[in-house]
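# Structural overview
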Amino acid sequence: MKKIIATVAAIVLAAGAAFAQDMATLTEVYNSAAALLEEGNKAGALENFNKALTMATEIGEEGAEILAQCQAIIPKISLSMAKDLVKAGDYDAALVNLDYVAQVAEKYDDFDTMGEATGLIPQVLKTKGASQIKEKNFAGAVETYTKVLAEDPTDGVSSLRLGSAYNALGKTEEAVKAFEAAAENGQGEQANKQISTIFLKKASASLKEKKFADAVENALKANEYSENPQAIQIAGQASQMAGKNADAIKYLSQYLELAPDAKNAGQIAYTVGALYQGAKNNAKAKEFYLKASTDPQYGAEAKKLAASL
């Protein structure tokens with residue numbers, strides 16, 4: 001009986017010694033993690049805090065205090081490391097880390113850190129997108145801003161940048177949709193100017209290709225989004241070349257109203273005068289010839305024609 005009692009006692013003493021050793025090792029690992037954090041070695045500190053967390057979990061109740069401390073510090077170190085990655089411009093790694101931080105913080109009931117990490121994700125995506133546009137990685141910027149807008153479709157600035165990226169890729173239909181979304185969400189002036197420029201380029205290309213109806217249509221769309229004298233001039237030129245002189249008079253007269261001090265104002269006035277004369281409206285022809293009378297190139301001829309009417 002005495003031998004049995006002695007054996008049981010030996011087992012208990014051995015277990016107690018092993019437990020004490022485990023606690024000592026746990027404390028050593030935890031203190032090492034704290035020292036590394038003090039030195040600014042966040043990666044090393046995080047590795048050791050995770051080791052300490054695993055050990056404390058295995059020990060159970062006696063390791064509860066260190067377990068709680070590890071759970072409190074691990075999300076915060078991870079968040080700090082993610083922020084460092086943002087500063088370094090490694091946005092992809094930062095985004096991966098922020099996802100990890102949000103998951104770990106939620107697991108350990110650190111909802112403040114979880115909220116901060118979750119809130120940083122769209123900001124990092126926007127910074128990444130802006131960087132991609134600067135680097136002319138327009139396809140990448142499209143992908144990035146599409147992710148941003150999937151979470152917040154009302155982000156007008158991101159829609160504006162998405163439109164710019166699409167436009168740079170030559171995807172004008174997608175660009176117009178993005179700019180229209182931007183206009184609906186507080187970026188109307190800039191977005192409409194961008195759309196106007198897209199249609200102005202289409203109008204100019206159509207005019208060169210002698211697709212006069214398309215040129216007029218695109219020019220009027222350009223002016224619809226943002227008042228654009230150049231677009232109205234193209235509409236007038238296309239109409240004249242298509243033989244639609246009444247429309248040409250209308251649009252070129254409108255151009256002169258929008259841009260009375262333009263360098264080519266005298267030339268346009270002379271053209272309108274000639275169109276009116278061709279329509280046998282001499283009074284209007286004389287009016288526009290006189291407007292062209294001071295033009296260095298067309299002035300002398302305009303005066304002669306005005307005098308003859």
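The text that follows walks through the structure, step by step, so that each part is easy to find. Fair warning: this is a prediction, and the values are worked out from it, not measured in the lab.

Time to look at the pattern of salt bridges. For the structure on display, the rule yields 12 salt bridges. Here glutamate 217 and lysine 221 are joined by a salt bridge, their closest N and O atoms 3.7 Å apart. Placement of both glutamate 217 and lysine 221 in helix α10 (residues 212–225) is noted, with a separation of 4 residues, approximately one turn of the helix. The shortest N-O distance in the salt bridge between glutamate 287 and lysine 291 comes to 3.7 Å. Of this pair, glutamate 287 and lysine 291 both sit in helix α14 (residues 282–291), 4 residues apart, which is roughly one turn of the helix. Relative accessible area serves as the criterion here: at 47%, lysine 291 is assigned to the partly exposed category.

What follows concerns the layout of surface pockets. In this approach the atoms are scanned with a rolling probe the size of a water molecule, which exposes any empty space left behind. The volume enclosed by the largest pocket comes to roughly 170 Å³. Forming the boundary of the largest pocket are Ser253, Leu256, Glu257, Pro260, Ala265, Gly266, Ala269, Tyr276, Lys284, Glu287, Phe288 and Lys291. Its residues assigned to classes, the lining of the largest pocket shows 6 nonpolar, 2 polar and 4 charged.

Note on placement: glutamate 174 falls in helix α8 (residues 172–184). Look at glutamate 174 and you get partly exposed, because its relative accessible area is 35%. Separated by 28 residues in the primary sequence, glutamate 174 and threonine 146 place their C-alpha atoms 12 Å from one another.

Let us look at the packing of aromatic side chains. Throughout the structure, instances matching the rule amount to 5 aromatic pairs. When the centroid spacing of 5.4 Å and the interplanar angle of 70° are considered together, the rings of tyrosine 30 and phenylalanine 49 count as edge-to-face. With tyrosine 30 in helix α1 (residues 2–39) and phenylalanine 49 in helix α2 (residues 42–59), the pair connects residues that are 19 residues apart, well separated along the chain. Chaining the aromatic ring pairs together yields one cluster made of Tyr270, Tyr289 and Tyr298. In this structure, lysine 291 is placed above the aromatic ring of phenylalanine 288, and the distance from its NZ or CZ to the ring centre is 4.3 Å.

Of note, lysine 136 is a non-glycine position whose phi angle comes to about 65°, a positive value. Among the secondary structure elements, lysine 136 is positioned in the loop between α5 (111–134) and α6 (138–151). By relative accessible area, which is 62% here, lysine 136 ends up exposed. Within the chain, lysine 210 stands out as a residue other than glycine whose phi angle is a positive 60°. Within the fold, lysine 210 resides in the loop between α9 (188–208) and α10.

Turning next to helix α12 (residues 245–258). An ideal rise of 1.5 Å per residue puts 20 Å on 14 residues; α12 measures up with 20 Å between its terminal C-alpha atoms. Inspection of α12 places Ala248, Ile249, Tyr251, Leu252, Ser253, Tyr255 and Leu256 among the buried residues, and these make up the whole buried set. The elements touched by buried residues of α12 are α10, α11 (229–241), α13 (265–278) and α14.

Its location among the elements puts serine 206 in helix α9. Beyond its immediate chain neighbours, meaning those up to four positions away, serine 206 contacts Lys211, Asp214, Ala215 and Asn218.

So, how was this worked out
Residues numbered from 1 in each chain as written. Predicted model: local features only at pLDDT ≥ 70, side-chain atom pairs only at ≥ 80, totals over all residues. Heavy atoms only, no water. Salt bridge = Lys/Arg side-chain N within 4 Å of Asp/Glu carboxyl O. Helix = DSSP H or I, 4+ residues; strand = E, 2+ residues; numbered from the N terminus. Buried < 20%, exposed > 50% of the residue type's maximum accessible area, 1.4 Å probe, protein only. 1 Å grid on protein atoms, 1.4 Å probe; cavity = no way out; pocket = protein on both sides within 12 Å on 5 of 7 lines; lining within 4 Å. Points joined across faces, edges and corners; volume = space filled by probe spheres on them. Nonpolar A, V, L, I, M, F, W, Y, C, P; charged D, E, K, R; others polar. Phe/Tyr/Trp six-rings, centres within 6.5 Å; stacked < 30°, edge-to-face > 60°. Lys NZ or Arg CZ within 6 Å of the ring centre and 35° of its normal. Expected span 1.5 Å × (residues − 1). Contact = heavy atoms within 4.5 Å.

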